[in-house]
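Notes for the structure review
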Amino acid sequence: MKYTLIIALFLFSATVSWAQSGLKVIVKDSASGEVLIGATVSMANNNHIGAIANAGGYAIIKGLPRGTSDLVIRNLGYSSKTISITIPYADSAKGLLVLLAAEAEKTEEVIITSARTNSRLEDLPMKTEVLGEEDMLEEAAVVPGNVASILGDISIIHIQKLSPVNGNQGIRMQGLDTKYTQILRDGLPLYEGFAGNLGVLQIPPLDLKQVEIIKGSVSTLYGGGAIGGLVNIVSKTPGEKPTATFVLNRSNLKETNFNAYYSQRFGRAGMSVFAGVTNQEAVDVNKDGFSDSPLIKQLSFHPRFFYEFSPVTKINIGYALVAEERAGGDLTALKGTDSLHRYFNKNTVLRHTADFNIQHNTGRHAITLKGTGSFFDRQTNDSGYIFKGRQVSVFTEFSDRLKLGKHLLVFGGNYSSEAFTKAAVTISPIGNFTYSTMGIFVQDNWNMTEKLTLQPGIRFDRHNTFGNFLLPDLAAVYKFNSTYTLRVNAGAGYKTPNAFSLLTPIDAHVKSGIQYLLPVSNTIRAERSTGLNADLGFKKVLWEEFVIQLDQALFYTKISNPVIARSNSLGNTEFINAAFDVNTMGTDTYVRTSYGMTELYLGYNHTLARRNGTGEHSYLPFAPQDKVSVTVAYTIPDKWRFGTEASRVGQQYIYNNQRVPDYWFFAMMVERQFGPLHIVLNCENLFDIKQSNYEKTVTGTIQHPNFSSIWAPQEGRIVNLALKYNLFN
């Protein structure tokens, strides 16, 4: 009787405690993971029992009866969800997590992380393109080794090969040199200076959630370098269900890739791991004795860890390892030099990167502290000349996103540095140096009316060598209705010179080898830019399954004091401020349609990029004036996927206004799915277009070869077969 009374009192106490504390329900957006303030939670058969999610994104429901009940969770713009819950709830301390998806007509909305406003794609004042997770999963089997191929499918992007020997590539946007495109990994700059000009696009798509491309100046938030545009490569994060994907690939260029990705959540914690190996032999495609496709041996390892301290506070910590050997040149010399065969170029790279991101989002405030540290060690052996050095890079930023009525302020400060140290055994004019920048910024996303949003911003940077920079920016988006949208963006930018940044040679005779580089003089001025972008968009569902999207953009950029490389009287390469300005202007037009299982992309970019001013009136080299891109895909769900793409590069000039031939590029792929197994056969450059079809790409002697400027593909036709397996299908 005594124990019965104790048990009864315990149950009564638990019931009273439950009634007083209630059930905690956390409501989040299934796409972004952000809490949904104002979401309602109520009993399905009793609307009087319910609550509204507070600024922390959670609701406390009191008065729920014991036993099983149905809860209905609703939020404006989202599909409602009904969940059965048993009271008492087993994990009352943690609470019930509910993820709401956008309504059917909004399923194509994408959260853009690089915009900092937690806005969806169609609400951004700046024009942004997104390659989403589905694109990354498809590309993981089509071209598993890097994201260069899928980026090149966009009409405004031109992938330029920067070296005929080591295969390095860069991204040109709006006709500007590759150094004017800012590249980020998860919003962090990792590819600058000595660490930035080799294999930046050798990032496997299997590790990625999406790639965000912002056109034009983004200097308010990201400072120097974001002049032509910005590419933010976003890593995957673990979802509610575990994922594990494996990809094995082999191509006719003797390239073998094996990539694996795994992620899972464990309550408040989560983790993701990517590991990849690439082994590629050097291949002489045009049979001239020199490699057209380099030797690559690469190991990548990228684990990340996630933890939620509470519904409003979370952290993720990551580490990345890249170890790579890359070599090209005389195929005989790569196996061993002799008196005749002695030209080769070999790069050995080791990169360690650690990063963290802490977020505290109360709804009104979204405070973020993030940072990264990178150790980059590289040795270059250029036919016996050995250059070895290391760069330690640091970046840290504190920011807050504050909601004040119709204003959404993003403000904060950051610090970045890159310290280069040359190995003692290396003989080179370039010595040790340290560059550092401190910056503060503020941006206001002002919803003036339901149709008009203004986004003024300003940034102040102080560079330890090149001085101070004030960067104003103004963007606006006007929604005429649900179909038409107009965007305008104008802003200033800058780029500080760096001896290891991607070179802009004044002519074809400038030597780009490290042994010829002279240090950057402190008298050189930083490059400054002004840019204007305008964009008119149209999007409409014409009938149930036919969606059409059209976009017409105009852009203009002027760069003053451009830093160029030229040969001096001793044959070394020095950096100077040119006596001309760089001006680019153009249009970018594209159409996207989908009908049922068929998708179509058609893009056309026209760019006029020139050097204008005293002593120079010429076209900017390697900036095609016309580019047409077409992509068509057809899917039979869970069985087949077919895709084809074509692009035409036209009116391209190299040095001295010399025009090179136009060329077409075609690709096709077919994918067959057998449950969790996907088999992909892909062919890039179907008609075997390569520069050696038009000219001799290597002249001179075997001992002292001269390489032509690369303006077209080198590798010719590439065929690969890939197997992709999803363990948790």
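Placed above this text is the structure.
Throughout what follows, the structure given in this document is the object of discussion. Computed from a predicted structure; not experimentally measured.

The rules behind each value
- Residues numbered from 1 in each chain as written.
- Predicted model: local features only at pLDDT ≥ 70, side-chain atom pairs only at ≥ 80, totals over all residues.
- Heavy atoms only, no water.
- Helix = DSSP H or I, 4+ residues; strand = E, 2+ residues; numbered from the N terminus.
- Buried < 20%, exposed > 50% of the residue type's maximum accessible area, 1.4 Å probe, protein only.
- Pairing = 2+ DSSP bridges.
- Salt bridge = Lys/Arg side-chain N within 4 Å of Asp/Glu carboxyl O.
- Contact = heavy atoms within 4.5 Å.
- Phe/Tyr/Trp six-rings, centres within 6.5 Å; stacked < 30°, edge-to-face > 60°.
- Lys NZ or Arg CZ within 6 Å of the ring centre and 35° of its normal.
- Patch = residues over 30% accessible without salt bridge, like charges linked within 9 Å, V, L, I, M, F, W, Y side chains within 5 Å.
- Areas by Shrake-Rupley, 256 points an atom, 1.4 Å probe, with all protein chains shown as cover.
- Axes fitted to C-alpha atoms, helices over the stretch in contact; angles between N-to-C directions.

This part takes up the environment of Phe266. Positionally, Phe266 belongs in strand β16 (residues 255-266). A relative accessible area of 44% places Phe266 in the partly exposed class. When the C-alpha atoms of Phe266 and Lys241 are compared, they prove to be 9.9 Å apart, with 25 residues separating the residues in sequence.

The strand order across the open sheet formed by five strands is β8-β13-β14-β11-β12, and the pairing between neighbours is mixed. Each edge of the open sheet is held by one strand with a lone partner, namely β8 (128-131) and β12 (188-189). Across five bridges, the pairing between strand β11 (residues 181-185) and strand β14 (residues 229-235) is parallel. Pairing of Gln182 across the sheet is with Leu230, part of β14.

Per the stated rule, a full pass over the model turns up 25 salt bridges. The residue Lys127 makes a salt bridge to Glu129 at a minimum N-O spacing of 3.7 Å. Judged by relative accessible area, Glu129 falls into the buried class, the value being 4%. With its nearest N and O atoms 4.0 Å apart, the salt bridge here joins Asp535 to Arg487. Highlighted residues: Asp535 in strand β28 (residues 527-543) and Arg487 in strand β27 (residues 484-495), separated in sequence by 48 residues. Residue Asp535 shares its accessibility class with Arg487, and that shared class is buried. One network of salt bridges, in which partners are shared, links Lys127, Glu129, Lys215, Asp551, Asp588 and Arg592.

Right, let's get into the environment of Pro294. Within the secondary structure, Pro294 is located in the loop between β17 (269-280) and β18 (295-310). You can call Pro294 buried: its relative accessible area is 6%. Linking Pro294 and Glu715, residues 421 residues apart in sequence, is a C-alpha distance of 9.8 Å. Once residues lying within four places of it in the same chain are set aside, the contact partners of Pro294 are Val165, Asn166, Gly167, Gln280, Glu281, Ala282, Arg326 and Ala327.

In this section: the packing of aromatic side chains. Counted under the stated rule, the structure contains 26 aromatic pairs. Joined through ring pairs, the aromatic side chains of Phe194, Phe376, Phe387, Phe420, Phe433, Tyr435, Phe466 and Phe500 make up one cluster. Lying across the ring of Tyr261, Lys236 places its NZ or CZ 4.5 Å from the centre. Directly above the aromatic system of Tyr590 lies the positively charged group of Arg592, at a separation of 4.8 Å from the ring centroid.

A few words now on a nonpolar patch on the surface. A surface patch of nonpolar side chains, amounting to about 730 Å² of accessible area, comprises Tyr478, Phe480, Tyr484, Leu486, Val488, Leu532, Leu536, Tyr556 and Met585. Of all the elements in the fold, those that place two or more residues in the nonpolar patch are β27 and β28. Counting residues per element, the nonpolar patch draws most heavily on β27, which supplies three residues. Among the structural elements, Tyr484 can be located in strand β27. By relative accessible area, Tyr484 is classed as partly exposed at 39%.

Spatially, three strands are ordered β4-β1-β7 in an open sheet, and the strand pairing comes out mixed. Edge positions in the sheet fall to β4 (58-61) and β7 (96-100), since each has one partner strand and no second. In this sheet, neighbouring strand axes are inclined to one another by 25° on average, regardless of whether the strands run parallel or antiparallel.

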